Amino acid sequence: TSGGITSSRTCTLTVSASDSKSGLANYKIYVNGNVVATNSNYTIKDMIFNKRYTCYAIATDNAGNSKQSSTITLKNEVYIATLTDLSNFRDSVNGGNSYSGKTVIQTSDIDMASVNWVNAIGIDAHRFAGTYNGNGRYIVNLKITASGSESGYIGDKGLFGNTEPSSIIENLIISNANIQTSYSTSCGIICGFSRGTIRNIRILSGNISGTTYIG
């Protein structure tokens with residue numbers, strides 16, 4: 001069984017088997033424990049960012065004998081097309097995956113109007129260290145409303161929160177961003193505290209207001 005993920009977030013699994021005695025009767029392709037096809041290929045579509053897809057096949061001959069292929073695990077760690085993908089990417093970075101040496105590519109415009117983006121991509125303990133290529137796509141309606149107090153300040157706020165010196169954020173268009181914080185360590189539309197490179201970014205419209213914590 002073989003297959004690779006493409007920029008359209010699809011992967012076609014192809015099974016190859018032979019039986020010189022009784023001949024092949026059928027195939028069964030399994031994805032995450034479910035039979036998804038009974039022929040020699042199947043395409044997984046709309047693959048979610050950072051979700052694991054465990055895949056294998058079973059071939060059966062006309063004599064009733066069967067054999068299972070080796071298991072392959074697929075995980076989309078490259079292409080972001082939806083708000084769910086962006087959230088999963090954020091959670092992966094904040095969980096300790098720095099993406100150092102990797103490039104993440106946005107493949108569609110993303111509307112963030114339905115969320116309050118209080119948890120940015122990258123926290124101080126787990127900073128983003130890879131490349132985020134917006135691919136000329138839009139992030140629209142980025143909204144952050146977060147508050148703290150002088151005794152309990154909140155972290156760095158923005159689309160990204162904290163980045164390492166090796167990080168690159170590029171080729172992205174932002175429209176209608178609205179960030180309101182109080183007692184934030186630092187904030188910005190693209191990144192709260194960037195140690196890396198930000199380039200080829202267009203901010204069409206946005207607003208930042210709030211109180212910065214100095215301690």
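This write-up is about the structure you can find in this document. (Residues numbered from 1 in each chain as written. Predicted model: local features only at pLDDT ≥ 70, side-chain atom pairs only at ≥ 80, totals over all residues. Heavy atoms only, no water.)

**Side note on the overall build of the chain**
Along its length, the chain carries one helix and 18 strands. Since a compact globule built from 215 residues should have a radius of gyration of about 17 Å, the 22 Å found for the chain marks it as more spread out than a globular shape. The dimensions of the chain, computed from C-alpha atoms along their principal axes, are 75 × 35 × 30 Å. Residues counted as buried form 40% of the 215 residues belonging to the chain. Looking at the chain alone, contacts between residues at least 24 apart form 77% of all its contacts between residues at least 6 apart. By element, 43% of the accessible surface of the chain is carried by carbon and sulfur atoms, the whole surface being about 10,400 Å². (Helix = DSSP H or I, 4+ residues; strand = E, 2+ residues; numbered from the N terminus. Rg over C-alpha atoms; globule rule 2.2 N^0.38 Å. Buried < 20%, exposed > 50% of the residue type's maximum accessible area, 1.4 Å probe, protein only. Contact = heavy atoms within 4.5 Å. Areas by Shrake-Rupley, 256 points an atom, 1.4 Å probe, with all protein chains shown as cover.)

**Some details on the side chain of N94**
Examined against the element boundaries, N94 turns out to sit in helix α1 (residues 83-94). Setting aside anything within four residues of it in sequence, one finds N94 in contact with A120, I121, G122, I123 and H126.

**A look at the pairing of strand β7 (residues 72-75)**
A one-sided burial pattern is seen for β7, the buried positions being I72 and L74 and the unburied ones T73 and K75. Across four bridges, strand β5 (residues 52-61) lies against β7 in antiparallel orientation. The residue bridging R52 from the neighbouring strand is K75, located in β7. (Pairing = 2+ DSSP bridges.)

**A short note on the pattern of salt bridges**
Per the counting criterion, the structure on display carries nine salt bridges. Note that D46 is salt-bridged to R9, the shortest N-O span being 3.7 Å. Of the two residues, D46 is situated in the loop between β4 (41-44) and β5 and R9 in the segment before β1 (11-14); the sequence distance between them amounts to 37 residues. Taking relative accessible area as the criterion, D46 reaches 53% and is therefore assigned exposed. Of the charged contacts in the structure, one is a salt bridge between E77 and K102, with a shortest N-O distance of 3.4 Å. Of this pair, E77 sits in the loop between β7 and β8 (79-80) while K102 sits in the loop between α1 and β9 (103-106), and the two are 25 residues apart along the sequence. Note on K102: relative accessible area 34%, which makes it partly exposed. Put simply, D124, R127, E164 and R195 are held in one network by salt bridges that share partners. (Salt bridge = Lys/Arg side-chain N within 4 Å of Asp/Glu carboxyl O.)

**Here's the deal with the nonpolar core**
Judged by nonpolar contacts, the single largest core of 30 residues is most densely connected at L86, F89 and W117. When residues of this core are traced back to their parent elements, those giving at least two are α1, β11 (131-140), β12 (143-147), β14 (168-175) and β15 (177-184). With four residues, α1 is the largest single contributor of residues to this core. Ignoring any residue separated from it by four or fewer positions in sequence, one finds L86 in contact with I80, I110, M112, W117, I121, Y132, I139 and L159. By size, the runner-up hydrophobic cluster in this structure holds 15 residues, among which are L13, V15, I29 and L74. (Core = buried A, V, L, I, M, F, W, Y, C linked by side-chain atoms within 4.5 Å.)

**Considering the layout of surface pockets**
Of the volumes computed, that of the largest pocket is approximately 230 Å³. Contributing to the lining of the largest pocket are 16 residues, with A17, S18, L24, A59 and K67 lying nearest its centre. A total of five residues in the lining of the largest pocket trace back to one element, the largest contributor, which is β5. Looking at the lining of the largest pocket residue by residue, the classes come out as six nonpolar, seven polar and three charged. (1 Å grid on protein atoms, 1.4 Å probe; cavity = no way out; pocket = protein on both sides within 12 Å on 5 of 7 lines; lining within 4 Å. Points joined across faces, edges and corners; volume = space filled by probe spheres on them. Nonpolar A, V, L, I, M, F, W, Y, C, P; charged D, E, K, R; others polar.)

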